[in-house]
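A structural walkthrough
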Amino acid sequence: MDNTGKPAPGGEVLYLCATLRLAQTLRRRPLSGVGAWRTPQALTLAQWFAQLADEALLCGLGDLPQALDPYAECLLWEQVIAEALGQTAGAAALLFDLQGMAKSAIGARQLTRQWPALQAALASTTLADEARLFAGWQEAFTRRCEAHAWIDVAGWQRRLLDLLAAGAFALPAQLYCIGFDRLTPLESELLAILAARGVVVEQVAFWPEITVDREKRAKSRQLHAAADVRDECAAAVAWVTEKLATPEGRAPDFSIGIVVPHLAEVREQLEGLLDDALHPQTLRPDLAELPRSYNFSLGRPLAAQPLVASALDLLALAGLRGKVEQARFRGLLLGNGWSGDVAEADARARLEARVRRDLAYFTHWPAVLRLAGQEDDAEVMPRSLAALRALAGCADRWPRRQSPAAWANDFSAVLVAAGWPGERPLSSHEFQARRAFGELLVDFSRLDPLLGSIDRGTALRRLGELCRQRVFQPETRGQPTIQVLGVLESAGLRFDALWIMGMNDDQWPPAPRPNPLLPAEVQRAVAAAHASAEVELDFACRVQARLLQAAPEIVLSWAQADGNRIRRASPLLDMRWPRLPSLRPCPSPLRAEARAAGNACEEIVDTQAPPLAAGERVAGGSWLLRAQAICPAWAFYQFRLHAEALDEAVEGLDPAARGTLVHGALEAFWKATGDSTRLRAQSPEGRATAVASACETALAGYEHERRSPLPPRFRVLEAARLQRLLLRWLALEAERGGEFRVLACEQPASVEIEGIQVKMVVDRIDALADGQLILDYKTGAAIDVRNWASPRITEPQLPIYAALVPAASGTVAVAFAKVLPDKPAFAGVAASGELLPGVPGLGDGKQRIFAGEDFPDWDSVLDHWRQRLQAVAREVRAGEAGVVFSDEKLLQYCELKPLLRLPERRRWLARP
């Protein structure tokens, strides 16, 4: 040691670090004033104990059992608890959260290892039920460990401590204990043993190498009250941006810290804001892994990595015998990471669209493979098809039950057969994720003694649990300028500037969390971790004191609200500190306004599409004119550019399918019944029989068209629903005044409007005493007939038929037939009253749609419809395609809303 307190280069010094991040930082940090140095031996306690265990194994020092890894230990606790509950709770044991109870048991055992008084308390005869149960579980856990020569991590550390006390192992001459805010009894005992053996032990809050610049800089402590957590994150990012813009911030060794007590809750917000402010180019997929100037201490589960998620999806579908949601097969087809994912991506997307359209909500491998074998898929996607067949064939090759090691081999083989991880060269992060998944499969294969022979479902569940529990943090080169850390991960680190978030009274100090399996009063008596408010207060004060020495410039912030809940600052803050000056909001370079500020933008009017060419045909029928009347851009995109939304499978029948069944059943009924005379002559039993026959005809036709039968029980329920609906509707039809005869059902019609051929199907045409009635069945409650008197007719089918189709020259009324279970009714307009219940005539005082001065007679209504429909058709011919509409609610059934860019339109209209 020299007179500055620095360790001499190359000296035998061990730096025992509170966190892995601190150890990595110290190993990378150079010593000032030294041209060459030896990498410091900076290790966490777990890493140093692992080195000691290796030394003990090599030198034959004592009988040291194999330490269980965290997942294996949790799994063993689950088995012990399940067995105990099975003996006491019986079938109710299935209702318990075994994994949560196992984690509590692990925490309790660690506490008993750290504080022997807690272990002694378990011998009491007056224990609460929870502690008594844990005492029994612990005995069973210990017996199993002894039988297999295993040991839990806390017990393994205790064994090493005993070996150290007995004089084993070569020890360093000096040890720095860095960043430990509060030593546990085991850690205190370790330091005492090392000191007794002659090691110079020194406990420090930070790395002894302190830069002179940081010590000389004036201390600044400021407070910031944010409106909410989102505003707090934005303020921290704006402050970071300002610091990086200063001359000091541009220095290569400048460092900024952001410490967040509950980092997992705000990580996504912080990461998005940091990317927007500092790395907007990473929005591009090819730059997603561009090195960042920031780093998060909190990794993500390995299962969240896209490449690993793809592997788990492949394994979940491999060998599947039963039916699963169609969406799982669709996700596989659209996903990357397996054979043909680049060269055959288009063909797989087309197959996915057919799966949506042609397969049921629940489907299986034979149906998918049968569909994939159509339309020459074997030629356009041979590798993908071979991989799909390999996945489906696993069911015949895999045994029902086998060991985890055997499952790991089979899983590896099927991933190879499926072409995982795909054709594209792997990025650095993907390569690391693939390597981590391979290591995890090796760890899974070591679970044979714990799991024994298991089935495929259990193997996949356990493998998924391992992936979700394994934290993955891609390795990065160098030391990023900005470090975003949790409270514990910040231990021992220094910065040039530090922002501490989350200083709210409900988070700081943290609320006590005593272990539920140990006597609470004993935990409080020994001041065990998280045992009481006093323990947490002491811990928070220690951490805060350390953080306030971690940088010359520090900002502490809190949120003032969470939704409607008012929040307060932590009582540990010194409110006499000055407030941070207002920060300039950090503009996102992704916003159009920000891009426009630095570039001259050309405005292009995109409301005009090319007019229809001579001979150009536009499909869509009455829906074309409906979309044009509501929003011209909708009509252009859907019917001229043929853009359409993909089908979405639903369990059972969607509203459109149910409407189709109603149409089919009513058509079958009226073809058999014919007119009002026969309808009214039917007895209740006879009508019910006729309705049941019509419903059966409709269901059979639907199944034939879909080429897939409905599930038997579901079919019975749907038939009963249809029968109730039709009987209710026909009761209303029987109450109509006057006689009528059904001339046609589902009648095709065609008419040319301003050179545009419009084809449609009229649901029903009735012959009345003085003309024809045109009906359109509706099974939805939202029906608008007021638009028939407006300049833009948004429900044009009935007006088209009545005003423009020659065969409808005798029409005297048009109406929607609202076939609803609760309030069946007619809604429309008629030349005279009493033609339909609830449909007033033009001269009726109740009629409020067509004003008498503008529409004195039925011909004036037909003329209005003819002129307005022709005007809308001329818009189509002229290519009018602007995003113009009177009410956004009219776009309810538009499938192409993303193309209309409605949010951008709202922002543009809201500009001052």
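Before reading further, recall that the structure is shown in the block above.
Residues numbered from 1 in each chain as written. Predicted model: local features only at pLDDT ≥ 70, side-chain atom pairs only at ≥ 80, totals over all residues. Heavy atoms only, no water.

**Quick notes on the sheet that holds strand β21 (residues 741-753)**
- Across the sheet, which stays open at both edges, the five strands sit in the order β21-β22-β23-β24-β25 with mixed pairing between neighbours. Here the strands that pair on one side only, and so sit at the sheet edges, are β21 and β25 (825-830). Strand-to-strand twist of the sheet, defined as the mean angle between neighbouring strand axes without regard to direction, takes the value 35°.
- When strand β22 (residues 756-768) meets strand β23 (residues 771-778), the two strands line up antiparallel, connected through five bridges. (Pairing = 2+ DSSP bridges. Helix = DSSP H or I, 4+ residues; strand = E, 2+ residues; numbered from the N terminus. Axes fitted to C-alpha atoms, helices over the stretch in contact; angles between N-to-C directions.)

**So, helix α15 (residues 365-372)**
- Those residues of α15 not exposed but buried are W365, A367, V368, L371 and A372. Viewed end-on, α15 has its buried residues packed into an arc of 165°, placing them on one side of the element. (Buried < 20%, exposed > 50% of the residue type's maximum accessible area, 1.4 Å probe, protein only. Arc of directions from axis to C-beta.)

**Examining the nonpolar core**
- Membership of the largest hydrophobic core comes to 90 residues, with the highest contact counts inside it found for F134, W365, F437, L447 and L463.
- Counting residues per element, this core draws most heavily on helix α3 (residues 70-88), which supplies nine residues.
- Contacts of L463, omitting those with residues within four sequence positions, involve L312, L315, F411, F437, L440, L441 and F444. (Core = buried A, V, L, I, M, F, W, Y, C linked by side-chain atoms within 4.5 Å. Contact = heavy atoms within 4.5 Å.)

**A word on the environment of S293**
- Tracing the chain through its elements places S293 in the loop between α11 (263-278) and β9 (294-296).
- Not counting residues up to four positions away in its chain, the partners in contact with S293 are L278, H279, P480, T481 and I482.

**Quick word on the pattern of salt bridges**
- What the rule picks out here adds up to 51 salt bridges.
- For E352, the salt bridge identified is with R356, shortest N-O distance 2.6 Å. Of this pair, E352 and R356 both sit in helix α14 (residues 345-358), four residues apart, roughly one helical turn. We note that E352, like R356, is buried.
- Connected via shared salt-bridge partners are E78, R461, R462 and E465. (Salt bridge = Lys/Arg side-chain N within 4 Å of Asp/Glu carboxyl O.)

**Considering the pairing of strand β1 (residues 13-17)**
- By the criterion of burial, β1 is predominantly enclosed, with five of the five residues buried.
- Side chains V13, Y15 and C17 project from β1 onto one buried face, and the interleaved L14 and L16 project onto a second face that is buried too.
- Summarising the sheet, β1 and strand β5 (residues 174-178) pair through five bridges and their orientation is parallel. Considered in β5, the bridge of Y15 is made with Y176.
- As judged from the four bridges shared by β1 and strand β2 (residues 41-44), these two strands associate in the parallel manner. When the bridges of β2 are listed, Y15 appears paired with A42.

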